[in-house]
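The chain contents come next:
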Amino acid sequence: MAATPRFRNDADAASDADPHPDAARLPGAATDSAPADRKHPVDETLPPLKMFTSGLQHVAAMYAGVVAPPMIVGPAVGLTAKETAFLMGASLFTAGIATLFQTLGFWRIGARLPFVNGVSFAGVTPMVAIGKDRGHDGLAVIFGAIIVASLLGFLLAPYFCKLVRFFPPVVTGTVITLIGVSLLPVAFNWSQGGNATAADYGSTTNITMAAVTLVIVLALRKLLRGFLQQIAILLGLIVGTLIAIPVGITDFGAIKDADPVGFPTPFHFGAPQFEIAAIVSMSIVMLVCMTESTADMLALGRIVGRPADERTIEGGLRADTLGSAISPLFNGFMCSAFAQNIGLVAMTKVRSRFVVAAGGGILIVLGLVPVAASVIALVPLPVLGGAGIVLFGSVAASGIQTLATAALEKGENALIVAAAVGIGLIPIAAPEFYHSFPKDLLVVLDSGISTGCVVAIVLNLAFNHLGRKPDPEPSERENSPAADPVAAH
């Protein structure tokens, strides 16, 4: 019987061990028929034009998510509009650096998957609490806390990654589904206009534009073929934006006010300051981000056909934490995985990490050229919301596909999924459910992904590990004497 071909990973040639051993043969992984010397699709490069347009599509999908946290934190700490714009440019720049760490990697840093990094939403609430009305001093304390928390996370990564064995399909499928479902309210908010205090929030015009964009994206996916089908999201955003111009919801003010060039000067708001309470708060956020990134890497690994093992997750967490530690130097915030881009990979089937690396390069350029960043900002939020429904729904669909392999008929697996999904949906269905809990706990409780992940892991341990001998893996059963009549006799 011929040996199953393995894909060659060029990035691993420089390391002392293959971080993705037999990845193409793991259960649940996508498989590709190819000669033994062919690169895995994750390691393939595309022609320059396809590389650029596909990377730009990733940037368009995550742009609003990157600039939203500084848009919230800046005014909260007392920054002017111009200073807040500077903070947004710095966030784009540092997101690009962190993305390059993840996709290209070096030494044992980087998951080397098509993994997009950007400013984490998990840190917004505690950062506002730390720096509220303190101006530049508030930002200095925030940056100091991020640096310490990130360095601690970097040291913890080799141990945290060992939790991967507690993420079987019943856990990963639950978490991936929750990632998608948790992101859908973001798309719904964008579809209404993004600013709940605006007069036109939830207007018929905004929602209609979101619906039109959704229909355009679906139609393009149905009618186009080949590469054009792969960039249907980008084309849908362009067409939706053009339609939005005569409708009157496209704001050109960002271009008029943008500077042609602007470098995020190191420590622009002052040297970092270190306060114990702020460090503790941001360290909790870092643990939340590491949990979510682990789940995201497991999800992405299954989607691209290279399941993430301990070595991959360790490298990914190191990239997350190193990028987060460097970000404050350039006035950026804590970085973590962007789940919406996982949905883009699942939808387009473009698995090359170099495409996402190109997106990281575009983010760096946008951070250095504010006028270029303002062009991306032309996409109205309702248009982005319409496309986001497809993107985030694709993530949830991937989770459901994973759950289909989780043997829900066995033992209490269905109960695990039911409890984890139910608890994970609390922050979405009842946002004020935990309003009387201490603020420090809200960092975890307000993240349905984190709470659902913890519940799924704990219940999986309780029902499938403690007090019983785990069932052998399918490969072990196939190789056991009972499964081999010749060996049995």
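Preceding this paragraph is the structure being described.
Worth saying up front: this structure is predicted, and the values here are computed from it rather than measured.

(A) Just the overall build of the protein chain, in detail. When helices and strands are tallied, the protein chain shows 21 helices and 2 strands. Per-residue burial over the protein chain gives 53% buried out of 489 residues. Excluding contacts between residues fewer than 6 apart, the proportion of contacts in the protein chain whose partners are at least 24 apart in sequence is 83%.

(B) How the structure looks around the state of the cysteines. This structure, assessed with the given rule, holds 0 disulfides. Take Cys 335: it sits in no disulfide, and the sulfur closest to it among the cysteines is that of Cys 289, at 9.3 Å.

(C) Summary view of the environment of Phe 354. For Phe 354, the position within the fold is in helix α13 (residues 353-368). A relative accessible area of 23% places Phe 354 in the partly exposed class. Between the alpha carbons of Phe 354 and Glu 44 there is a distance of 7.4 Å; along the sequence they are 310 residues apart. Setting aside anything within four residues of it in sequence, one finds Phe 354 in contact with Val 42, Asp 43, Glu 44, Thr 45, Met 51 and Leu 104.

(D) Examining the environment of Val 171 more closely. One can find Val 171 in helix α5 (residues 169-192). Under the relative-accessibility criterion, Val 171 is labelled buried at 0%. It is 9.1 Å that separates the C-alpha atoms of Val 171 and Gly 452, two residues lying 281 residues apart in sequence. The contact partners of Val 171, leaving out residues within four places of it in the chain, are Phe 166, Ala 456, Ile 457 and Asn 460.

(E) Spotlight on the packing of helix α6 (residues 204-223) against helix α15 (residues 381-403). Closest axis-to-axis distance for the α6/α15 pair is 7 Å, and the angle between their directions is 45 degrees. On the basis of the axis angle, α6 is oblique to α15. As α6 runs across α15, the sense of the crossing is right-handed. Together, Asn 206, Met 209, Ala 210, Thr 213, Leu 214, Val 217 and Leu 218 of α6 and Pro 382, Val 383, Gly 386, Ala 387 and Val 390 of α15 make up the contact between the two elements. Here the residues of the contact of α6 with α15 sort into 9 nonpolar, 3 polar and no charged.

(F) Structural detail: helix α10 (residues 276-304). The end-to-end C-alpha distance of α10 is 41 Å, a good match for the 42 Å that 29 residues give at a rise of 1.5 Å each. Of all 29 residues making up α10, 23 are buried, and the element is well covered by its neighbours. One or two positions beyond α10, positive phi appears at Gly 305, with a value near 80 degrees.

(G) Seen up close, α6. With 20 residues, α6 extends 28 Å from end C-alpha to end C-alpha; this agrees with the ideal 28 Å at 1.5 Å per step. The complete set of buried residues in α6 reads Asn 206, Met 209, Ala 210, Thr 213, Ile 216, Val 217 and Leu 220. Along α6, the residues classed as buried sweep out an arc of 125 degrees about the axis, all on the same side. Residues of α6 that are exposed and point more than 90 degrees away from the buried face comprise Thr 204, Val 215, Lys 222 and Leu 223.

Criteria and cut-off values
Residues numbered from 1 in each chain as written. Predicted model: local features only at pLDDT ≥ 70, side-chain atom pairs only at ≥ 80, totals over all residues. Heavy atoms only, no water. Helix = DSSP H or I, 4+ residues; strand = E, 2+ residues; numbered from the N terminus. Buried < 20%, exposed > 50% of the residue type's maximum accessible area, 1.4 Å probe, protein only. Contact = heavy atoms within 4.5 Å. Disulfide = S-S within 2.5 Å. Axes fitted to C-alpha atoms, helices over the stretch in contact; angles between N-to-C directions. Parallel < 35°, antiparallel > 145°, perpendicular 65-115°, else oblique. Left-handed = near helix turned anticlockwise from the far one by under 90°. Nonpolar A, V, L, I, M, F, W, Y, C, P; charged D, E, K, R; others polar. Expected span 1.5 Å × (residues − 1). Arc of directions from axis to C-beta.

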